[in-house]
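Examination of the molecular architecture
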Amino acid sequence: MFGTIKSGMATSMFEISVVSNNVANAGTTAFRKSTANFSDLYTAASAESASRLSLGVGSVVETTRQSGEQGSLMERDGVLNLALIGNGMFVSAASAGDAQPSQLLTFTRDGEFALDKNGVLRTSTNDFVLGYDGLGGTELGQLEVPFQSVNGSTLTALEINASGVMRGTYGSEEPVILGQIAIGAFPNVTALRQLGMGRFQATEEAGGLMLGVSGQDGFGKVQTGALESSNVNLTTELTSMIQAQQQFSGSSRILQAYSDMIEKLTR
């Protein structure tokens, strides 16, 4: 009995923590809400007994998965503010310690990018944004925007089109292609490991990584001047919070009654 009550309190507390995290990040760019999945615990039964007759002895946290639902778009001025509409995530990598991307890829829907002092495209968490040379190359690499052309002209304009291709204009020179933003997709995006700050990492459960670009079959499209908002629905989350709190409160009262009963029986 005590174990059953304890498991009820533990699972409700875990759900409260998950929902609280969702609510706290309702205003975070491209945040993906998480849901907690639970499974029942059963008493041991013989091979002849029917599982439908088994009595539950509590519950346990099974998995926590993130939602793959698209968040709404919000306008945000700036050519380096990008939203991804549809399937996929931007591909990034942390620094390897020598101003070069590490081999460990990370993925994000947060397209609030910026250029560092060297013209390297970075995410809001200062990771490298990865992509291709835009000229047909297939090797991933960091994307750079030189502030001056080979002729010494200063960068006067930067454009990113719906295909994720970056073009820079230097003075009166013709625009030049500087690279193309890569997009990564997974068969089961809900199984990606959450790293925090809107960053995710591949897992075996998520399936094999597929790389592509904006507009390609199976991949979403890039939209400039916009960001994806959180997909958290506050009404739904607050309802879940109330239900979890009621479950915890109910389990607490049962525990108190059980303790009082044991105390009377052992006097």
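Here, the structure is the one placed above.
Residues numbered from 1 in each chain as written. Predicted model: local features only at pLDDT ≥ 70, side-chain atom pairs only at ≥ 80, totals over all residues. Heavy atoms only, no water.

1. Some details on the overall build of the protein chain
In terms of regular secondary structure, the protein chain is built from two helices and 18 strands. Burial status across the protein chain gives 38% buried among its 267 residues. For the protein chain, contacts bridging at least 24 residues in sequence account for 60% of all contacts bridging at least 6. (Helix = DSSP H or I, 4+ residues; strand = E, 2+ residues; numbered from the N terminus. Buried < 20%, exposed > 50% of the residue type's maximum accessible area, 1.4 Å probe, protein only. Contact = heavy atoms within 4.5 Å.)

2. Examining the side chain of Thr 108
Within the fold, Thr 108 resides in strand E6 (residues 101–108). Under the relative-accessibility criterion, Thr 108 is labelled buried at 3%. A distance of 3.0 Å separates a polar atom in the side chain of Thr 108 from the backbone nitrogen of Asp 110. From its side chain, Thr 108 meets the backbone oxygen of Gly 198 in a polar contact 2.9 Å long. Leave out the neighbours within four places in its chain, and Thr 108 touches Met 89, Phe 90, Ser 92 and Gly 198. (Polar contact = N/O pair within 3.5 Å; in protein donor to acceptor, adjacent residues only side chain to side chain.)

3. What about the nonpolar core?
Leu 82, Phe 90, Phe 113, Leu 121 and Met 166 are the most contacted members of the largest nonpolar core, which totals 19 residues. For this core, the elements supplying multiple residues, two or more each, are strand E4 (82–85), strand E11 (155–160), strand E12 (165–170) and strand E13 (176–185). Ignoring sequence-local partners within four residues, the contact set of Leu 82 consists of Phe 90, Gly 111, Phe 113, Ile 160, Ile 181, Val 222, Gln 223, Thr 224, Ala 226 and Leu 227. (Core = buried A, V, L, I, M, F, W, Y, C linked by side-chain atoms within 4.5 Å.)

4. Description of a nonpolar patch on the surface
On the surface, a nonpolar cluster with roughly 290 Å² of combined accessible area is contributed by Met 261, Ile 262 and Leu 265. Classification of Leu 265 as exposed rests on a relative accessible area of 64%. (Patch = residues over 30% accessible without salt bridge, like charges linked within 9 Å, V, L, I, M, F, W, Y side chains within 5 Å. Areas by Shrake-Rupley, 256 points an atom, 1.4 Å probe, with all protein chains shown as cover. Salt bridge = Lys/Arg side-chain N within 4 Å of Asp/Glu carboxyl O.)

5. A short note on the packing of aromatic side chains
As enumerated under the stated definition, the model contains two aromatic pairs in all. Centre to centre, the rings of Phe 90 and Phe 113 are 5.2 Å apart; their planes meet at 75°, and the pair counts as edge-to-face. Note that Phe 90 is positioned in strand E5 (residues 89–95) and Phe 113 in the loop between E6 and strand E7 (114–115), a separation of 23 residues in sequence. According to the relative accessible area criterion, Phe 90 is buried, its value standing at 1%. With relative accessibility at 5%, the residue Phe 113 sits in the buried group. (Phe/Tyr/Trp six-rings, centres within 6.5 Å; stacked < 30°, edge-to-face > 60°.)

6. Topic: the pattern of salt bridges
Under the definition given, this model contains five salt bridges. The shortest N-O distance in the salt bridge between Arg 76 and Glu 112 comes to 3.4 Å. Linking Arg 76 in the loop between strand E3 (73–75) and E4 with Glu 112 in the loop between E6 and E7, this pair joins segments that are 36 residues apart in sequence. Arg 76 gets classed as partly exposed once you look at its relative accessible area, which sits at 31%. Relative accessible area serves as the criterion here: at 29%, Glu 112 is assigned to the partly exposed category. In this structure, Arg 122 engages Asp 116 in a salt bridge whose closest nitrogen and oxygen atoms are separated by 3.1 Å.

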